[in-house]
Amino acid sequence: MTTSYTTSATSTFSLSNARYVSSKVATDLRQLQRYYGRPSDKDIADYAEEIAVLAYHGYVKNVIYGFKRGDNWILTLEYTAVNGTLTADDRAGGVYRYADISGASFHSFMNRTSAWWALNDASRAEVNKSLPFARTPGTAPGYTGGQHTSDRTYSAQGGGFTRSSYRPL
């Protein structure tokens, strides 16, 4: 006698999942703060809330946090959103601690998804009202003379972010 079983499961990336993943981003930012003195506690909380809300709705393509001098990044943490396929969930941390950030300032740059740009102006304004701060349009700084490494994955229910780091050589 042969018996077979079939099971199926569905998972949904919830706001709780997005907050869990954003807490790992916040931990990375706290490590930057510990090593380099920035960003502030309030900024970390605001960045975590922003990325959680936008990731939940599928509106963030990638976001970069880091230090720039002039028009170029000198140290970054870049998070790229991935939906429905992530299985790994690494520990937060592992931030490079030996960069010379003298004369540098802390910045963040975000790219939004096509789903964001498909919203009408009123819908985008409504989402923006729920965020802790307003971003201003701009151009991302460039990269020169460093090393880019994919080094972490943060996920819950298949969604989340891959992290890559850029640091000086």
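Quick note: structure is the one above.
Residues numbered from 1 in each chain as written. Predicted model: local features only at pLDDT ≥ 70, side-chain atom pairs only at ≥ 80, totals over all residues. Heavy atoms only, no water.

Asks: A description of the pairing of strand 2 (residues 72–82) should follow, citing residues and the corresponding values.
Replies: Note that strand 1 (residues 60–69) and strand 2 share eight bridges and pair antiparallel. Among the inter-strand pairings, R69 is bridged to a residue of strand 2, identified as N72. Once strand 1 ends, the chain turns through two residues before running back antiparallel as strand 2, passing G70 with a positive phi of about 65°. In terms of strand pairing, strand 2 meets strand 4 (residues 142–143) through two bridges, oriented parallel. Among the inter-strand pairings, W73 is bridged to a residue of strand 4, identified as Y143. Sheet topology note: the strand 2/strand 6 (residues 159–168) ladder contains seven bridges and is antiparallel. Pairing of Y79 across the sheet is with R163, part of strand 6. (Pairing = 2+ DSSP bridges. Helix = DSSP H or I, 4+ residues; strand = E, 2+ residues; numbered from the N terminus.)

Asks: Which residues make up the environment of A99, and what are the values?
Replies: Turning to its location among the elements, A99 is positioned in the loop between strand 2 and strand 3 (105–112). Sequence separation of A99 and L169 is 70 residues, and the distance between their C-alpha atoms is 9.2 Å. Residues within four places of A99 in sequence aside, it is in contact with Y36, L75 and P168. (Contact = heavy atoms within 4.5 Å.)

Asks: Please set out the packing of aromatic side chains residue by residue, giving values where relevant.
Replies: Applying the stated criterion to the full structure yields 13 aromatic pairs. Here the aromatic rings of Y79 and F161 are separated by 6.5 Å at their centres, their planes lie at 90°, and the arrangement is edge-to-face. One end of the pair, Y79, is in strand 2; the other, F161, is in strand 6, with 82 residues separating them in the sequence. A residue is classified by how much of its surface remains accessible, and Y79, at 0% relative accessible area, is buried. For F161, a relative accessible area of 2% puts it in the buried group. It is R112 that lies over the ring of W116; its NZ or CZ is 4.3 Å from the centre. (Phe/Tyr/Trp six-rings, centres within 6.5 Å; stacked < 30°, edge-to-face > 60°. Buried < 20%, exposed > 50% of the residue type's maximum accessible area, 1.4 Å probe, protein only. Lys NZ or Arg CZ within 6 Å of the ring centre and 35° of its normal.)

Asks: Any details on the packing of helix 1 (residues 15–36) against helix 2 (residues 41–57)? Residues and values, ideally.
Replies: Two elements in contact, helix 1 and helix 2, have axes separated by 8 Å at closest approach and are oriented at 150°. As the angle between them shows, helix 1 and helix 2 are arranged roughly antiparallel. In terms of crossing hand, the pair formed by helix 1 and helix 2 is right-handed. For the pair helix 1 and helix 2, contact is made by L15, A18, R19, S22, V25, A26, L29, R30 and Q33 and by D41, I44, Y47, A48, E49, I51, A52 and Y56, respectively. Class assignment of the residues belonging to the contact of helix 1 with helix 2 gives a composition of 11 nonpolar, two polar and four charged. (Axes fitted to C-alpha atoms, helices over the stretch in contact; angles between N-to-C directions. Parallel < 35°, antiparallel > 145°, perpendicular 65-115°, else oblique. Left-handed = near helix turned anticlockwise from the far one by under 90°. Nonpolar A, V, L, I, M, F, W, Y, C, P; charged D, E, K, R; others polar.)

Asks: With reference to specific residues and values, describe helix 1.
Replies: Because an α-helix completes one turn every 3.6 residues, residues spaced three or four positions apart along the sequence face the same direction. End to end, helix 1 covers 30 Å across 22 residues, agreeing with the expected 32 Å (1.5 Å per residue, within 8%). Here helix 1 has its buried residues at N17, A18, V21, S22, K24, V25, A26, D28, L29, Q31, L32 and Y36. Against the buried residues of helix 1 lie helix 2, strand 1, strand 2, strand 3, strand 5 (146–156) and strand 6. Looking one or two residues past helix 1, G37 carries a phi angle of roughly 85°, positive in sign. (Expected span 1.5 Å × (residues − 1).)

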